[in-house]
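Chain by chain, the residues:
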Amino acid sequence: MPHILVFDSGIGGTSVLTHIQNTLPGADYTYIMDNALLPYGLQTEETIQNRLASIVNKISSNFFGEVDLIVIACNTASTYALAHVRQFTQIPIVGVVPAIKPAAQISIRKHIALLATPATSKNQYTQSLVSEFAQDCQVSFYHSTELVRLAERKFWLNEDVREGVNKELSAIKVDNQADVLILGCTHFPILKYEIAEFYQTQCELIDSGTAIAKRVQHLLAGSIGEIEIKKPLQFYATALNEVPVNTGYDVKSLHL
């Protein structure tokens, strides 16, 4: 069975991982969270490129066994470093980028909003996506790292974070004329219920999870069996001391 490795700065990439597992249940999976640098959205482009190069070199050295495909399950890391890290390995790499194209296609009012981390909102790659796929739309940009923190707390501690999400979204003040809201950070779908509850019918939420799963399926066509996941999910963290105890996950330490 193919071995798919997914990584992010924290647990945000698990939102993408879930889509891939549902689409390809016959694969083996490893998940890496580089939580020593959480969140990537506050890091410089150079820092992210160097960090991802270290991770990819570790993967290519077979530290995790033979890996057939890598998913960079982070919008910031993908927009900053996808092209850079591909030069360090022959393993196919799939990146995650904001769902600007499908958002522009489904928008009725031709006004879409991108909610992401500061690095994703402001970088040149994101701007190029807007220029290429959303020329006929007004695109409003909003950023948050507080939602990343809240997603981590919900995932690890099962906290009710509605109050915190409502407070943050109230401060962000997405234009009420935008009819599509792009969740441009993989942490944000973890808060999809809370975000949808806040906006109700104001706008439709969209993220990249389904599209990434389809892309992975296409790249691994012919190598996926019909059996269930063969091995338990392997979980690694670069800052194991930052992972709450008694989470139910067997998280191993990873030194870069």
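Definitions and limits used
- Residues numbered from 1 in each chain as written.
- Predicted model: local features only at pLDDT ≥ 70, side-chain atom pairs only at ≥ 80, totals over all residues.
- Heavy atoms only, no water.
- UniProt positions renumbered as here; feature names shortened; annotations may be inferred.
- Helix = DSSP H or I, 4+ residues; strand = E, 2+ residues; numbered from the N terminus.
- Contact = heavy atoms within 4.5 Å.
- Buried < 20%, exposed > 50% of the residue type's maximum accessible area, 1.4 Å probe, protein only.
- Pairing = 2+ DSSP bridges.
- Right-handed = clockwise from strand over helix to strand, strands pointing away.
- Domains from an automatic or database assignment.
- Buried area = accessible area lost by both parts, 1.4 Å probe.
- Salt bridge = Lys/Arg side-chain N within 4 Å of Asp/Glu carboxyl O.
- Polar contact = N/O pair within 3.5 Å; in protein donor to acceptor, adjacent residues only side chain to side chain.

Under an unreviewed UniProt entry, the chain has the name Glutamate racemase and belongs to Pseudoalteromonas phenolica. We quote the UniProt Pathway (unreviewed entry) comment for the chain here in full: "Cell wall biogenesis; peptidoglycan biosynthesis." Taken directly from UniProt, the Sequence similarities (unreviewed entry) text for the chain runs: "Belongs to the aspartate/glutamate racemases family."

With that settled, consider the UniProt feature "binding site: substrate" (unreviewed entry) in the chain. UniProt marks Asp-8, Ser-9, Tyr-40, Gly-41, Asn-75, Thr-76, Thr-186 and His-187 with the feature "binding site: substrate" (unreviewed entry), using the numbering shown here. Spatially, the listed residues are clustered: although they cover 180 residues, their C-alpha atoms lie within 11.5 Å of one another. Following the sequence through the fold, Asn-75 ends up in helix α3 (residues 75-85). Those residues in contact with Asn-75 that lie beyond four places of it in its chain are Val-96, Val-97, Pro-98, Thr-120, Gly-184, Cys-185 and Thr-186. Non-local contacts of Thr-76, meaning those with residues more than four positions away in its chain, are made with Tyr-40, Gly-41, Ile-48, Thr-117, Ala-119 and Thr-120.

Time to look at the pairing of strand β2 (residues 28-33). Taking burial as the measure, the 6 residues of β2 include 6 buried ones, the bulk of the element. Going residue by residue along β2, you find Asp-28, Thr-30 and Ile-32 tucked away on one face and Tyr-29, Tyr-31 and Met-33 tucked away on the opposite face as well. Here strand β1 (residues 3-8) runs beside β2; their pairing, made up of 6 bridges, is parallel. Opposite Ile-4, over in β2, you have Tyr-29 as the bridge partner. Following the chain from β1 across helix α1 (residues 14-23) to the adjacent parallel β2, one finds a crossover that is right-handed.

Below, the discussion takes up the environment of Pro-2. Looking at the element boundaries, Pro-2 is found in the segment before β1. Residue classification places Pro-2 among the buried residues on the basis of a relative accessible area of 4%. Residues Pro-2 and Leu-191, spaced 189 residues apart in sequence, show a C-alpha to C-alpha distance of 30 Å.

It is worth spelling out unusual backbone geometry at this point. Following Leu-38, the chain continues into Pro-39 via a peptide bond in cis, with omega recorded as -10°. Within the element layout of this structure, Pro-39 appears in the loop between β2 and α2 (45-60). With a phi close to 65°, Asn-62 is a non-glycine residue in the positive phi region. Secondary-structure assignment places Asn-62 in the loop between α2 and β3 (69-72).

When the domains of the chain are assigned, the result is domain 1 (3-97 + 209-253) and domain 2 (100-208). Centre-to-centre, using C-alpha coordinates, domain 1 lies 22 Å away from domain 2. Contact with domain 1, which involves 33 residues of that partner, is made by 23 residues of domain 2. Of the roughly 2000 Å² buried where domain 1 meets domain 2, counting both sides, 67% is carbon and sulfur surface. The interface formed by domain 1 and domain 2 contains 0 salt bridges. For the pair domain 1 and domain 2, the number of links is 14 residue pairs in polar contact (both at pLDDT 80 or more). Put simply, the parts of the chain that give the side of domain 1 that touches domain 2 at least two residues each are α1, α3 and α10 (209-219).

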